[in-house]
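Structural characterization, general
What follows is each chain in one-letter form.
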Amino acid sequence: MLLYIIRHADPDYDNGTITPDGHLEAEALAALLEKQGLDNIYSSPLGRAVHTMEYTAKRLNKPYELLDWTQEITGMYQDIEGIGTVAPFNVPGEFILNDEPFPTHDNWSQNHFFRNNEQLMAKIAQIRQGSDDLLETHGYKREGGRYKCLRPNKHKVAVFCHGGLGLTWLAHLLQIPISIAWSSFWLAPSSVTVVLMDQRTEKWAVPRCIELGATSHLHKADLPVKLRGIPADLFHG
């Protein structure tokens, strides 16, 4: 099975939708995904994700389902001296990569920017559970860090969601520290991340990221890659 984790197109946050450029991105993305072919389409219920997804659902003439747990990680902003107000997934890497001991899958939340943040931990638990439930629906039951193959398949499943959410989800799937995923990777608007359920034996599959934040559809349509979500972006994308 292939899982497509797709960030929404260029956002209009104030109006809960996507910008005129975002509509062009979503249209180019739909053309790409039409060629790929999709078996299932899911989306965050937030407008910017839904309005991106609708281009693809219409082009493929497929129904879609909204997943509440794929909404962005919001409402947990904090002030960092010299940096400003940031979401958890935008805490600068300089405050994460200097940790001793170095962040691991199990101890990353001990960093003082995340420690005792019950709201954040509850959201991450929701993401993990939502991911496990979705994959089990599609035939893969999580046990530890690997997945028991209940109904192995070659389906293509797309989920239209958000940058911070997407990186958090990817960290769960790949068993890497969430703070490292947040500080070391970035997903462009309308980008496509592809996770293969890699099955080497009859019983087990393991998620493998085979594409991260792909933007080939933007290049093909001669559209720029907007640097939305990088607070220190010198180009103010």
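About the thresholds
- Residues numbered from 1 in each chain as written.
- Predicted model: local features only at pLDDT ≥ 70, side-chain atom pairs only at ≥ 80, totals over all residues.
- Heavy atoms only, no water.
- Helix = DSSP H or I, 4+ residues; strand = E, 2+ residues; numbered from the N terminus.
- Rg over C-alpha atoms; globule rule 2.2 N^0.38 Å.
- Buried < 20%, exposed > 50% of the residue type's maximum accessible area, 1.4 Å probe, protein only.
- Contact = heavy atoms within 4.5 Å.
- Areas by Shrake-Rupley, 256 points an atom, 1.4 Å probe, with all protein chains shown as cover.
- Lys, Arg positive; Asp, Glu negative; His and termini not counted.
- Charge placed at Lys NZ, Arg CZ, Asp CG, Glu CD.
- Pairing = 2+ DSSP bridges.
- Axes fitted to C-alpha atoms, helices over the stretch in contact; angles between N-to-C directions.
- Phe/Tyr/Trp six-rings, centres within 6.5 Å; stacked < 30°, edge-to-face > 60°.
- Lys NZ or Arg CZ within 6 Å of the ring centre and 35° of its normal.
- Salt bridge = Lys/Arg side-chain N within 4 Å of Asp/Glu carboxyl O.
- Expected span 1.5 Å × (residues − 1).

This next bit is on the overall build of the protein. Regarding its fold elements, the protein presents 6 helices and 12 strands. Relative to the compact-globule value of 18 Å for 237 residues, the protein shows a C-alpha radius of gyration of 18 Å, a close match. The principal-axis extent of the C-alpha atoms belonging to the protein is close to 50 × 45 × 25 Å. Considering the protein as a whole, with its 237 residues, one finds that 49% of them fall into the buried category. Considering only contacts in the protein between residues 6 or more positions apart, those separated by 24 or more positions represent 65%. When the accessible area of the protein is evaluated, it comes to approximately 11600 Å², of which 50% is carbon and sulfur surface. Computed over 22 positive and 28 negative side-chain charges, the separation of the two mean positions in the protein equals 9 Å.

What follows deals with the sheet that holds strand β1 (residues 2-7). An order of β5-β4-β10-β1-β11-β12-β9-β8 is seen for the 8 strands of this open sheet, with the pairing classed as mixed. On the outer flanks of this sheet lie β5 (65-66) and β8 (140-143), each paired with one strand and no other. Both β8 and strand β9 (residues 146-149) contribute to a ladder of 4 bridges, which runs antiparallel. Among the inter-strand pairings, Y140 is bridged to a residue of β9, identified as C149. Lying on the sheet, helix α2 (residues 47-60) is in contact with β4 (40-43), β5 and β10 (156-161); it crosses β4 at an angle near 165°.

It is worth spelling out the packing of aromatic side chains at this point. Under the definition given, this model contains 5 aromatic pairs. On the basis of an interplanar angle of 80° and a centroid distance of 5.0 Å, the ring pair of W69 and W169 is categorised as edge-to-face. Pair noted here: W69 is in the loop between β5 and β6 (78-80) and W169 is in helix α4 (residues 163-174), with a separation of 100 residues, a long-range link. With respect to burial, W69 and W169 carry one shared label: buried. With a centroid separation of 5.4 Å and an interplanar angle of 55°, the aromatic rings of F95 and F113 are classed as tilted. Of the two residues, F95 is situated in the loop between β7 (84-86) and α3 (118-137) and F113 in the loop between β7 and α3; the sequence distance between them amounts to 18 residues. Cluster of aromatic residues (ring-pair linked, three or more members): W108, F114 and W182. Stacked on the ring of W204, the Lys or Arg R146 has its end atom at 3.7 Å from the ring centre.

Secondary-structure assignment places K123 in helix α3. Within the buried core, K123 has no salt-bridge partner, and the shortest N-O distance to an opposite charge, that of E72, equals 7.1 Å. Setting aside chain neighbours within four positions, we find K123 in contact with W69, Q71, E72, I73 and M76.

Taking 1.5 Å of rise per residue, the 17 residues of helix α1 (residues 20-36) would be expected to cover 24 Å, and the 25 Å separating its terminal C-alpha atoms lies within 8% of that figure. When we look at burial in α1, the residues that qualify are G22, E25, A26, A28, L29, A30 and L33. Residues of α1 that are buried sit in contact with β1, β3 (17-18), α2, β10, β11 (192-199) and α6 (216-220). Just beyond α1, the residue with positive phi is G37, at close to 80°.

Here we take up the environment of L60. Relative to the assigned elements, L60 resides in helix α2. Distance from L60 to A205, taken between C-alpha atoms, is 28 Å for residues 145 residues apart in sequence. If we skip the residues at most four places from it in the chain, L60 touches A30, L33, E34, G37 and L38.

This paragraph deals with unusual backbone geometry. Of note in the backbone geometry, N61 takes a positive phi value of approximately 55° without being a glycine. Tracing the chain through its elements places N61 in the loop between α2 and β5. N61 gets classed as exposed once you look at its relative accessible area, which sits at 69%. Backbone geometry places N116, a non-glycine residue, at a positive phi of 65°. In this structure, N116 sits in the loop between β7 and α3.

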